[in-house]
Amino acid sequence: MPELPEVETVRRVLDKSLIGLTITDCKVRYDNIVSDDTSEFKKNVIGHKIISTARLGKCLMFNLDNGTIISHLRMEGKYFYLPKDSLDNKHIHLIFYFDNGYMLAYQDVRKFGKLCFRCPKDLYTTEPLSKVGEDPVLNPNIDIDRLYKKLHSKHIPIKSALLDQSILAGLGNIYVDEVLFIVGINPNKESALITKTDVENIVTESRRIFLKSIENKGTTIRSYTSSLGIEGEYQKYLLVHTKEVCPKCGRRLAKCRIGGRGTYYCEECQR
């Protein structure tokens, strides 16, 4: 699944190609990909120009001259920017056509991804963005007290709490494992038991790891491969996720499932 660094990498690549283009047509092949009424969505985007791109957590945004297209890639969502009609397969569920003869095709094997349109006044006051928590990359001054209260109120494993995008945005399975290893917290530890210092360390390391991963164009492993000619290299820096031996103590890493997600950690170094 693409997490914050991968979505940011996609945004940066598309930003170089899409700015200034006008959407001349929009073909929706699978209505459930669009959260809103399909006809209304098409009416809102056709004939409008892309003026910028943005991101919040794992949500990718295309800002038009009349509002914003919000795209959540979920598990398998990918974009292809190519000459018109140069690519087609059964997993391409939505296509934007542009005035320069190119298209932006959205492919999603599992059909979990979602797109919607929001006018400026509703962008951050309605779902999905109204439910997105603080973004460690966009906001280096996250309110630690407020975040601590949110995490302290959860009687679930800390990993599950950090995967909740309404609490802290952008963290997914890979990066939660990495962050918790660096800060020395067992992913099974109850969220309500972590300290304020723990929260400070989680935010600091999340931001550091995200920035390092963005610098390396994200992580390319089984769960995520770029469709835009970009292969991430941050997998070279992973310490525990998909690994077998702890890089600190040399002990064999433990592996379990938390909330249905494969989890890697060191029982010696993470308490």
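So, a few notes on the structure that sits alongside this text. (Residues numbered from 1 in each chain as written. Predicted model: local features only at pLDDT ≥ 70, side-chain atom pairs only at ≥ 80, totals over all residues. Heavy atoms only, no water.)

**Comments concerning the overall build of the protein chain**
Selection rule: Under the scheme used here, helices are H or I runs from DSSP no shorter than 4 residues and strands are E runs no shorter than 2 residues, and both carry numbers assigned from the N terminus. Here the radius of gyration uses the C-alpha set of atoms, whereas the globule reference equals 2.2 Å times the residue count to the power 0.38. Each residue gets one of three labels from its accessible area relative to the maximum for its type: buried under 20%, exposed over 50%, partly exposed in between, using a 1.4 Å probe on protein chains only. The method behind every accessible area is Shrake-Rupley, applied with a 1.4 Å probe, and residues are considered shielded solely by the protein chains displayed.
Helix and strand content of the protein chain: six helices and 10 strands. The globule rule puts the C-alpha radius of gyration for 271 residues at 18 Å, and the 19 Å found for the protein chain is close to it. Across its three principal axes, the protein chain shows a C-alpha extent of roughly 60 × 35 × 30 Å. Classification of the 271 residues of the protein chain by burial places 50% in the buried group. Summing over all exposed atoms, the protein chain offers an accessible surface of approximately 12,200 Å²; the carbon and sulfur share of this is 48%.

**A look at the pairing of strand E6 (residues 92–98)**
The criterion, for reference: Paired strands, in this sense, are two strands between which DSSP finds at least two bridges.
Counting buried positions over the seven residues of E6 gives seven, a clear majority of the element. Bridging between strand E1 (residues 23–28) and E6 involves five bridges; their strand directions are antiparallel. Paired with Val 28 across the bridge in E6 is Leu 94. The sheet contact formed by E6 and strand E7 (residues 102–107) spans five bridges and is antiparallel.

**Re the state of the cysteines**
So the rule is basically this: Any pair of cysteine sulfurs within 2.5 Å is marked as a disulfide.
Tallied over the entire structure, the rule returns zero disulfides. For the unlinked cysteine Cys 249, the closest cysteine sulfur is that of Cys 266, found at 3.6 Å. Classification of Cys 249 as partly exposed rests on a relative accessible area of 37%. This cysteine, Cys 256, is not joined by any disulfide, and Cys 266 carries the nearest cysteine sulfur, 13 Å off.

**Structural notes on the packing of aromatic side chains**
Applicable threshold: Ring pairs are drawn from Phe, Tyr and Trp, using the six-membered ring of Trp, whenever the two centres fall within 6.5 Å, and their geometry is named by plane angle: stacked under 30 degrees, edge-to-face over 60, tilted for the rest. Consider the ring centre and the ring normal. A charge sits over the ring if Lys NZ or Arg CZ is within 6 Å of that centre and within 35 degrees of that normal.
For the structure shown, the criterion picks out eight aromatic pairs. Look at Phe 41 and Phe 96: their rings are 6.3 Å apart centre to centre, the planes differ by 45°, and that puts the pair in the tilted class. Within this pair, whereas Phe 41 is found in helix H2 (residues 38–45), its partner Phe 96 is found in strand E6, the two being separated by 55 residues in sequence. Across the pair, exposure class does not vary: Phe 41 and Phe 96 are buried alike. Ring geometry for Tyr 81 and Phe 98: centres 6.4 Å apart, planes at 50°, overall tilted. With Tyr 81 in strand E5 (residues 78–83) and Phe 98 in strand E6, this pair connects stretches of sequence that are 17 residues apart. Phe 98 shares its class with Tyr 81; the two are buried. Each residue in the set Tyr 175, Phe 210, Tyr 234 and Tyr 237 is aromatic and connected to the rest through ring pairs, giving one cluster. Here Lys 212 stacks its cationic end above the ring of Tyr 237, 4.8 Å away from the centre of that ring. Across from the ring centre of Phe 181, 4.8 Å away, lies the NZ or CZ of Lys 248, which sits over that ring.

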